[in-house]
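# Structural features, examined
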Amino acid sequence: MIRTFSLHSAAAFALAAALAAAPAAAQEAPIQNEDGTITTSRDIVVLGSIGYRNRSEDQAEPVVSYDSEFFQRFEPLTAGDALKRVPSVTFLSDVIESDGARLRGLPPGYTQILINGEKVPGSNADRSFFLDRIPAELIERVEIVRSSSARRTGDAVAGTINIRLRDGYELDGGYLRAGGLYYDDKELEPSVGGVIGGALGPGRFLIGGNFQGRHNPKKKYSLRYSDSPENNPDFATDDFDNREDQTDTRDGKDYSFNATYDIKGDTTDFSINGFYVHTDRTETERSFEYNHPTNINGPIRATPPGNLTVDNANVAKINQDNYSVNGKLAHRWSAGQTSLKIGYAWFDEDRFETEYEVEFDRALPRFTGDQTRTGITDKEFSVRLEHEVELGETAKLVFGGLWQDKDRDTSITAPPRDRYNLTAANRQGYDQFSRNPTEFARTFGAFVPGPGGLNTIEEKRLDGFVLVEGDMPGVKWEAGVRYETTDLTIDDLTVPAALQRTTNDYEKLLPSASIKIDVGARGRITASAARTSRRPEFNYLSPATLVAELGDNNLVGNPLLDPETAWGVDVGYEQRLGRSGIAGINVFYRKVNDLIELTNLGAIPGSSTTFLYQPQNIGDGKVWGVEFDLSTDLGFIGLPDTGVFGNVSWLDSKIIDEFGKRRFNGQSDYVYNFGLIQDIPSVGAAFGATYRKQGGAFDRTVGEEVFTTYGADLEVFVEKRFGKSFTIRAVGSNLLNGAKREIFNKFNTIGEQAARDFDEYELESEKAGPVFQLMARYAF
């Protein structure tokens, strides 16, 4: 289907900007092993032990930390794949895809994604970005930061996912990774990468490259009815409308390159890095609609049960390029430590989508063709200045500021729709399995923008913060405040002669405080409170009016939207277990104010049943939940080489909209995963398995309601190590043939939605087969 706005993320861009922060995890000292040594490539390739969950000792905030060893044996391809094993992270992606992370089940825009402690610009309209383009090979560790700090921008209502990447101080030597992935449709995709790091002149360097073939074949099956079981228990036989069989295949190639160079001096540190990524991706959907729930006969003149009624071919070709450069200088002097960081990130996406369709359930078959070209360019320049000074032996004062200039250009253009009747001969002998609606496409006219199709958004922000950190025996604490100001300029360029410019500005004061207290035998209590925010979605800011965007109802943007804000509290307890284990429980609560909800502005002139909607800051919401996790070896029962891990989160929320009470859209009510790894040192081998399941989710917007459920996911691996430099792994994922099921309630008007007068009731299921990969790693 042609989309009004391209919400597909070049999450690869995340990595582009991410690496802008990569070597400069540099708000802190160089990350080395506890004994001061640097990890060798052999330590990465040949794991000497099972990786477990850690707890952070460096800051007062509640942080759940996982080193790369925790993920590596299951050979995740991307950061999204890795995050499936950490607490409270859900996805509403298609099967076997892990793109928009939903921390605590909330929509991706509520989660702040950081790379080495630095905020990463995204390309999605909701300001999030997809994690499935970040190669897992670059990850040193993943941190789930459950609360907020004045040090960071406050866009973290649900919390923060901080991905720490390797830099020159994380690797000595090099390694190669090569292998392939085999899919259920017999497709084979390569995966090749390499990293090398070490000393060079007065500093250390790291250079990496990665090539990844991507493939995701899925099958979808939909049944549509004119009424639902709410109104008619016999809807399946009385109200059947049509069936759709669809194949949906995503093919792509990702190429990435990164380099870092760091110098750590006695009083001055310097780092510079760069990253480039290129992505080619093709999404191919082919759909057949039939007027019978099971038969698949081809079309003939009449349309008796089982005949093909619609043949649809939808192809999107996506090209993405992005890069970033970043430099940081830190100097320690008599008045403390001062650091300056300058960064620039650039992202460009070109998406060309075609949708060609032939309808056969007419007197004469009819062809309909649509084309859409979407271009997004996002540029971001930032300067950050910070200073910290000791306050005696147990406290430290930190203050600083951020200036950022973000420019986002969007272009959505399309030619006039091409629609014409075919001849009766086109119906005779048409075989949908050997022919394609593309053969009826004609030359299209000029591409022109639709309402709001050309716009630019410039966002300038100036932030300042101050905080005090304390570190005493058994107690670590932090308290601070951040003041964020934003100037926004929105230009609608759809009609060049009638430029529509809108400006807005807002400021937010965001206090925060956290404390960690050691108790008992290796136990710890954590507590935090913070005010956070969520900025408006880009597609809500455009002042254009979109006709029939919400069923039969129109949607007009609102450039004067303010950010949502939330007060939040987290309280938790962690307990060390055995040599390296840990168990923890955490309770959280968020009170969201100025919630952005669609507001009914009244009936459209000339109609009493269709209305004009606009996003406005009118709502409030609450989010709460309980999170438990466990990660430990079984040495206490004589099995030191057996590791177990698991986590479970119970999630809930409440919003009142014009139709009543609901959760935040898309929030699952639970998510859990557990697994086991067995190491066999005597033969240099290991094996393990992990099982994951997330609960159902509900979305309600004007004109549509969606219930989503997922099947469980099972992954297993077998590993064999050869000496100290070579490892080979076989991994099977999606072994339960993961399924996604959705129920759609569709309505034309809000009156019909309130009265439960259905336009369409749809049952859709999506399924993908298992994926097998064989990966080899060699250290040098």
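Above this text is the structure in question.
First, a word on scope: everything that follows refers to the structure included in this document. Quantities reported herein were computed from a predicted structural model and do not represent experimental measurements.

Calculation rules
- Residues numbered from 1 in each chain as written.
- Predicted model: local features only at pLDDT ≥ 70, side-chain atom pairs only at ≥ 80, totals over all residues.
- Heavy atoms only, no water.
- Helix = DSSP H or I, 4+ residues; strand = E, 2+ residues; numbered from the N terminus.
- Rg over C-alpha atoms; globule rule 2.2 N^0.38 Å.
- Buried < 20%, exposed > 50% of the residue type's maximum accessible area, 1.4 Å probe, protein only.
- Contact = heavy atoms within 4.5 Å.
- Lys, Arg positive; Asp, Glu negative; His and termini not counted.
- Charge placed at Lys NZ, Arg CZ, Asp CG, Glu CD.
- Pairing = 2+ DSSP bridges.
- Phe/Tyr/Trp six-rings, centres within 6.5 Å; stacked < 30°, edge-to-face > 60°.
- Lys NZ or Arg CZ within 6 Å of the ring centre and 35° of its normal.
- Salt bridge = Lys/Arg side-chain N within 4 Å of Asp/Glu carboxyl O.
- Core = buried A, V, L, I, M, F, W, Y, C linked by side-chain atoms within 4.5 Å.

Across its full length, the protein carries 7 helices and 38 strands. In summary, the protein has a C-alpha radius of gyration of 27 Å against a globular reference of 28 Å for 780 residues, a match within 12%. Structurally, the protein occupies a C-alpha span of about 85 × 60 × 50 Å along its principal axes. Per-residue burial for the protein yields a buried fraction of 58% across its 780 residues. Long-range pairs, those at least 24 residues apart, make up 72% of the contacts in the protein between residues at least 6 apart in sequence. Positive and negative side-chain charges in the protein, numbering 85 and 115 respectively, have mean positions lying 3 Å apart.

Turning our eyes to something else, we now look at the pairing of strand β35 (residues 726-733). Sheet analysis places strand β34 (residues 713-722) next to β35, joined by 7 bridges and oriented antiparallel. Residue pairing for β35: V716 is matched across the bridge by G732. One ladder, built from 8 bridges, connects β35 with strand β38 (residues 771-779); its direction is antiparallel. Along β38, the bridge assignment pairs A730 with L774.

Scanning the model with the defined rule gives 28 aromatic pairs in all. Residues Y66 and F71 carry aromatic rings whose centres are separated by 6.2 Å and whose planes lie at 50° to one another, so their mutual orientation is tilted. Pairwise contacts between aromatic rings join Y225, F235, F240, F747, F758 and Y761 into one cluster. Note that K720 overlies the ring of F722, its terminal NZ or CZ placed 4.6 Å from the centroid. Sitting above the plane of the F744 ring, K746 keeps its charged end 5.4 Å from the centroid.

Our focus in this paragraph is the pattern of salt bridges. Counted according to the given criterion, the structure contains 81 salt bridges. Between E189 and K253 there is a salt bridge; the shortest N-O distance is 3.5 Å. On the criterion of sequence distance, the pair formed by E189 in strand β10 (residues 188-200) and K253 in strand β12 (residues 240-264) is long-range, its members being 64 residues apart. Bridged by salt links that share partners, the residues E97, K218, K220, D248, R250, R281, E283, R351, E353 and E766 form one connected network.

Okay, the environment of V648 next. Note that V648 resides in strand β28 (residues 639-657). With a relative accessible area of 18%, V648 lands in the buried category. In the structure, V648 is positioned 22 residues away from V626 in sequence and 8.4 Å away in space, judged by C-alpha atoms. Among residues more than four places away in sequence, those in contact with V648 are V626, E627, F628, V671 and Y672.

To continue, consider the nonpolar core. Judged by nonpolar contacts, the single largest core of 46 residues is most densely connected at L83, V89, L131, I144, I161, I163 and F664. If you list the elements that add at least two residues to this core, you get β2 (63-67), α3 (68-72), α4 (79-83), β5 (111-115), β7 (139-145), β8 (159-165), β26 (581-603) and β28. When near neighbours in sequence (up to four residues on either side) are disregarded, I161 contacts L83, V89, A101, L103, T111, Q112, I113, L114, V142, E143 and I144. If you look at the next biggest cluster of nonpolar residues, it comprises 11 residues, including F288, Y290, F367 and F440.

Looking along a regular strand, one sees the side chains alternate between the two faces of the sheet. Pairing of strand β20 (residues 475-492) with strand β21 (residues 500-519), which is carried by 18 bridges, proceeds in the antiparallel orientation. What sits directly across from I490, in β21, is T502. Strand direction decides the pairing type here: β21 and strand β22 (residues 523-534), joined by 8 bridges, are antiparallel. Of the residues in β22, the one forming a bridge with S512 is A530. With antiparallel pairing between neighbouring strands as the criterion, β21 and β22 make up a hairpin whose turn holds 3 residues, including G520 at a positive phi of roughly 55°.

Take the side chain of R777 next. With respect to the element layout, R777 can be found in strand β38. Owing to a relative accessible area of 2%, R777 belongs among the buried residues under this scheme.

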